[in-house]
Amino acid sequence: MREVFHDTLEDIQSRLVEISELVAEAIEKATQAFATGDVALAEEVIANDITIDELVLTTDEIAIATLAMQQPVAHDLRVIVSALRVSASLERMGDLADHIAQLVRSRYPERAIPQGLKSTFKKMGVLDVEVARTLTKLLRTQDLKYANHIRDTDDDIDELHASVYERVLGESFKGEIPHAVDATLASRYHERFADHAVSVAKKVQYLATGDWSGVDDSPEIEIVE
């Protein structure tokens, strides 16, 4: 019975890695579509989001059933509780990639990136993809060096996010109101994507060390969809 239980824990962790891989693929395609105006690629991201949602739901169901039936304690309990929280963040990251793709579709045949901000959004996209790939490595290995890298990269994304707001609100911005809206939404989606990765990194830290100090698990404010 104990062997079956630990097989289930390993299955849950493997599922989280699989979801993370799909999220990384989604953000890579979404940022590419955003940069190029490729609506077909955007549609692919939007269509595939349901796969992420279904995998998250299945993983949560397994975790909850394991909690109810096995009543785990200590490290085993941390694994399951962390898995439920991590899956929620991964699902939200998939949604944010979907939101970026939705911007591409809504502006087609025009591009959603306003003039003068292309290089900034290219950098944000590259960093978000890096964060997503690093997150997958973290979930696979629980090596906390990856968690530190995610937090450092998130700081860089925050700086780019702030620069977008400064540009859009500045007197030199020549774009129309819809362009300003697109820019602020896209920047927010990129920034929140990385924030959720940091949230997962903190939960993996808790899983690896049992130390919840410094881990912010407060409710996160989201953009109204």
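Residues numbered from 1 in each chain as written. Predicted model: local features only at pLDDT ≥ 70, side-chain atom pairs only at ≥ 80, totals over all residues. Heavy atoms only, no water.

Trainee: It is not clear to me how the environment of A180 should be interpreted in this structure. Could you clarify?
Mentor: Tracing the sequence through the fold places A180 in helix α6 (residues 177-209). Among the residues examined, A180 registers a relative accessible area of 18% and is labelled buried. Along the sequence, A180 and R167 sit 13 residues apart, while their C-alpha atoms lie 9.4 Å from each other. For A180, the residues in contact, after removing those within four places along its chain, are V168 and F173. (Helix = DSSP H or I, 4+ residues; strand = E, 2+ residues; numbered from the N terminus. Buried < 20%, exposed > 50% of the residue type's maximum accessible area, 1.4 Å probe, protein only. Contact = heavy atoms within 4.5 Å.)

Trainee: Even after reading the chapter, I still don't get the nonpolar core, so can you show me in this structure?
Mentor: Nonpolar side chains tend to gather and get buried jointly when the protein is soluble and globular. Counting 64 residues, the largest nonpolar core has F34, L90, F121, L135, L139 and I150 as the members making the most contacts within it. At the level of secondary structure, the elements contributing two or more residues to this core comprise α1 (2-36), α2 (39-70), α3 (74-107), α4 (118-141), α5 (144-169) and α6. When residues no more than four places from it in sequence are discounted, the contact partners of L135 are S20, L90, M93, I150, A197 and V200. (Core = buried A, V, L, I, M, F, W, Y, C linked by side-chain atoms within 4.5 Å.)

Trainee: What should I look at first to understand the packing of aromatic side chains in this one?
Mentor: Between two aromatic rings, the relevant description is the distance of the centres plus the angle of the planes. For the structure shown, the criterion picks out 1 aromatic pair. With a centroid separation of 5.4 Å and an interplanar angle of 70°, the aromatic rings of F34 and F121 are classed as edge-to-face. With F34 in helix α1 and F121 in helix α4, the pair connects residues that are 87 residues apart, well separated along the chain. Overall, the relative accessible area of 4% leaves F121 in the buried class. (Phe/Tyr/Trp six-rings, centres within 6.5 Å; stacked < 30°, edge-to-face > 60°.)

Trainee: What am I meant to see in the packing of α4 against α6 here?
Mentor: Helix-helix packing: each pair is described by the crossing angle between the helix axes and the interaxial distance. The N-to-C vectors of α4 and α6 enclose an angle of 20°; their axes lie 10 Å apart at closest approach. In terms of orientation, α4 lies roughly parallel with respect to α6. Considering how the two elements wind past one another, α4 and α6 form a crossing that is left-handed. Counting all contacts with α4, which are made through F121, M124, G125, D128, V131, A132, L135, L138 and L139, the residues of α6 involved are A183, A186, S187, H190, E191, F193, A194, A197, V200, A201 and V204. (Axes fitted to C-alpha atoms, helices over the stretch in contact; angles between N-to-C directions. Parallel < 35°, antiparallel > 145°, perpendicular 65-115°, else oblique. Left-handed = near helix turned anticlockwise from the far one by under 90°.)

Trainee: Explain the side chain of S87 here, please?
Mentor: Positionally, S87 belongs in helix α3. S87 has contacts with L16, V56 and D60, leaving out every residue within four places of it along the chain.

Trainee: Before we go on, may I ask you to explain the pattern of salt bridges in this structure?
Mentor: Side-chain pairs of opposite charge can arise whenever the charged atoms involved come near each other. Applying the stated criterion across every chain yields a total of 11 salt bridges. Notably, a salt bridge pairs E44 with K29, separated by 2.3 Å at the nearest N-O pair. With E44 in helix α2 and K29 in helix α1, this residue pair connects regions lying 15 residues apart in the sequence. The class for E44 is partly exposed, based on a relative accessible area of 33%. Put simply, R92 and D95 hold a salt bridge, and the shortest N to O gap is 3.7 Å. Here D95 and R92 lie together in helix α3, a separation of 3 residues that amounts to about one turn. It is possible to trace a salt-bridge network through shared partners that takes in E25, K29 and E44. (Salt bridge = Lys/Arg side-chain N within 4 Å of Asp/Glu carboxyl O.)

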